Amino acid sequence: MEMNSNHINQTETQQDVQDPSPKPPPQPPPEENNTKFVLHSEKDPYDFISQRCTAKPTNTIESTGHLIKGCLGGGILGIHEAYMKCGLWSSLFITIVFGFYITYCIHILVKSAQTLYKRLHLPEMSYPDVAEASLEVGPFPRLRKYSKFFRYAVDATICIDLFGACCVYQIIIAKTIQQLVESKDDVAWEDIDRLRLYVLALLLPILLLCMITTLKYLAPFTLLADVFIIACVIATVVYSLRVAPKISEVPAWKDALGFFEFCGIVVFSMEGVGVSLPIENNMRDPKKFPKVLCAGMSVVVSFLIIVGFFGYWGFGENSISPVTLNFPSAIFPTVLKCLMAIMIFITFALNFWAPFNLVWFYLSKKHDPKRHWLWERVYRAVFIVAITSIAIAFPNIGNLMGLLGAFCLSNMGFIFPALIELLVIWDVPGLGRYKWRLWKNVFVIIVGILLFVAGTYSNLKGLIANI
């Protein structure tokens, strides 16, 4: 991820993407910068907004659209399976709770970043920048030597999460192709061994696709993907209501194991912490980010509730992921399945772009710059093979999403933002009366740790059981 000089890199990325409303990548590729963060006096005011030189700043509506697109992805196609694991009404309630919880954690991360902008006299920062700076200029001198480690922890978590999401997308595409090719009408038709063959068959097409290194050829497809997601939400309601039983017959609660599996999936499906700072960095008026956050997360949570609630209510205990595979074999749902598979296939390269560029930043230092063109493509091929291998080994969408949500996003979305805020506010404005700011963040961290441990265990157990 980038330090202050990375503004140049961000601007170049924005200029490359000609689509008027591209999906902002979770982080731009980093730039080499060994400059230490310098803490300035509070008496020396700094207006970070006026210091920004964003080529095409976004207004509030555009930023809200970016946030919605950044949060909604393949996760929405599997949220109904999460409801099936936990129970209908308990899942609905917990989805709303996590919606508020995740929104709050994103808010404290961005608020902490804006405080650091003023203290360090920097116009913008990435998530890893904020993590490193919070520890490097924080109130605990003995911990400052670990600031780079904190940065690398954020980098690694982002990469694992986004590469894992690529595995999920590859399985979604393979399952859709399998149903269409084998013309199965029964939702309980799944054959794991044949599914693995379809995943393997996607290796070459995805490998060729991911050799595209320029976003401008891929970004316009995100707009079409958004249209298909909305169509998928509407279709889920329509087709589920046709076969839905009495709502009183649907379990409201199941068990604790299913609860933690659900938590991982729902966090994976709505977490937007990775795109929050790039969106804020590109806003014309960053002070309006709280409005963008509330509006965007309201839409995200609403869509997830609709697909999860109606998907489980209508398709029941035998429902499978992605939700489109539960639709009937009529002309329109079949076309929708095909188009969704195509869009996910194309946007796979977009999701691969951000984490690979981060990894390539570190790997490229080991090779002669004259041979970077060759080595970049070699490493791209290696990572695609690795992603495909994981998808073949664990072709379970629900548990894979749950594992990513519990293992990665409990840290990136809950624990890290709370730690960062504590480091930023420890001295100024302080912990408050009865140290309420300390206890508030300790609570957030404890919830994150609980989700990390229990969610990782339950979903990993589910993955291993399906090998």
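All values reported here derive from a predicted model rather than from experimental measurement.

Calculation notes
- Residues numbered from 1 in each chain as written.
- Predicted model: local features only at pLDDT ≥ 70, side-chain atom pairs only at ≥ 80, totals over all residues.
- Heavy atoms only, no water.
- pLDDT = per-residue confidence, 0-100.
- Helix = DSSP H or I, 4+ residues; strand = E, 2+ residues; numbered from the N terminus.
- Contact = heavy atoms within 4.5 Å.
- Salt bridge = Lys/Arg side-chain N within 4 Å of Asp/Glu carboxyl O.
- Buried < 20%, exposed > 50% of the residue type's maximum accessible area, 1.4 Å probe, protein only.
- Phe/Tyr/Trp six-rings, centres within 6.5 Å; stacked < 30°, edge-to-face > 60°.

Peer 1: It is not clear to me how the confidence of the model for the protein chain should be interpreted in this structure. Could you clarify?
Peer 2: Caution applies to low-pLDDT parts of the model: their predicted coordinates are not meant to be read in detail. In this model, the protein chain carries an average pLDDT of 85, and 88% of its residues clear a pLDDT of 70 or more. Mean pLDDT per element in the protein chain: helix α1 (residues 7-16) is the minimum at 38, and helix α5 (residues 88-120) is the maximum at 95. Across residues 1-26, where pLDDT falls below 50, the model places 85 contacts with residues more than four positions away in sequence or in other chains.

Peer 1: Even after reading the chapter, I still don't get the pattern of salt bridges, so can you show me in this structure?
Peer 2: When the charged atoms of two side chains with opposite charge come close together, those side chains can pair. Summed over all chains, the structure comprises 10 salt bridges. E132 is the partner of R151 in a salt bridge, and the nearest nitrogen-oxygen pair spans 2.8 Å. Within this pair, whereas R151 is found in helix α7 (residues 147-182), its partner E132 is found in helix α6 (residues 127-136), the two being separated by 19 residues in sequence. Residues R151 and E132 agree in their burial class; the two are buried. Among the ionic pairs, E376 bridges to R380, the shortest N-O distance being 3.4 Å. Of the two residues, E376 and R380 are both situated in helix α15 (residues 372-393); the distance of 4 residues between them amounts to about one turn of the helix. With respect to class, E376 is no different from R380; both count as buried.

Peer 1: Is there a simple way to explain the packing of aromatic side chains in this structure?
Peer 2: One pair of aromatic rings is described through two measures. These are the centre distance and the angle between the planes. Taken as a whole and judged by the stated rule, the model has 25 aromatic pairs. Between Y239 and F327, the aromatic rings sit 5.2 Å apart at their centres with planes inclined by 45°, giving tilted as the arrangement. In this pair, Y239 sits in helix α10 (residues 220-243) while F327 sits in the loop between α13 (289-315) and α14 (331-363), placing the two residues 88 residues apart along the sequence. Of the two residues, Y239 and F327, both sit in the buried class.

Peer 1: How should unusual backbone geometry be read in this particular structure?
Peer 2: Comment: phi is negative for the bulk of residues other than glycine, and the bulk of peptide bonds are trans. S321 connects to P322 through a cis peptide bond whose omega is 0°. By secondary structure assignment, the location of P322 is in the loop between α13 and α14. Cis geometry marks the peptide bond from V428 to P429; its omega dihedral reads 5°. Within the secondary structure, P429 is located in the loop between α16 (397-425) and α17 (436-465). Even without glycine at this site, H121 takes up a positive phi of about 55°. Relative to the helices and strands, H121 resides in the loop between α5 and α6. Unlike most non-glycine residues, Y434 shows phi in positive territory, near 60°.

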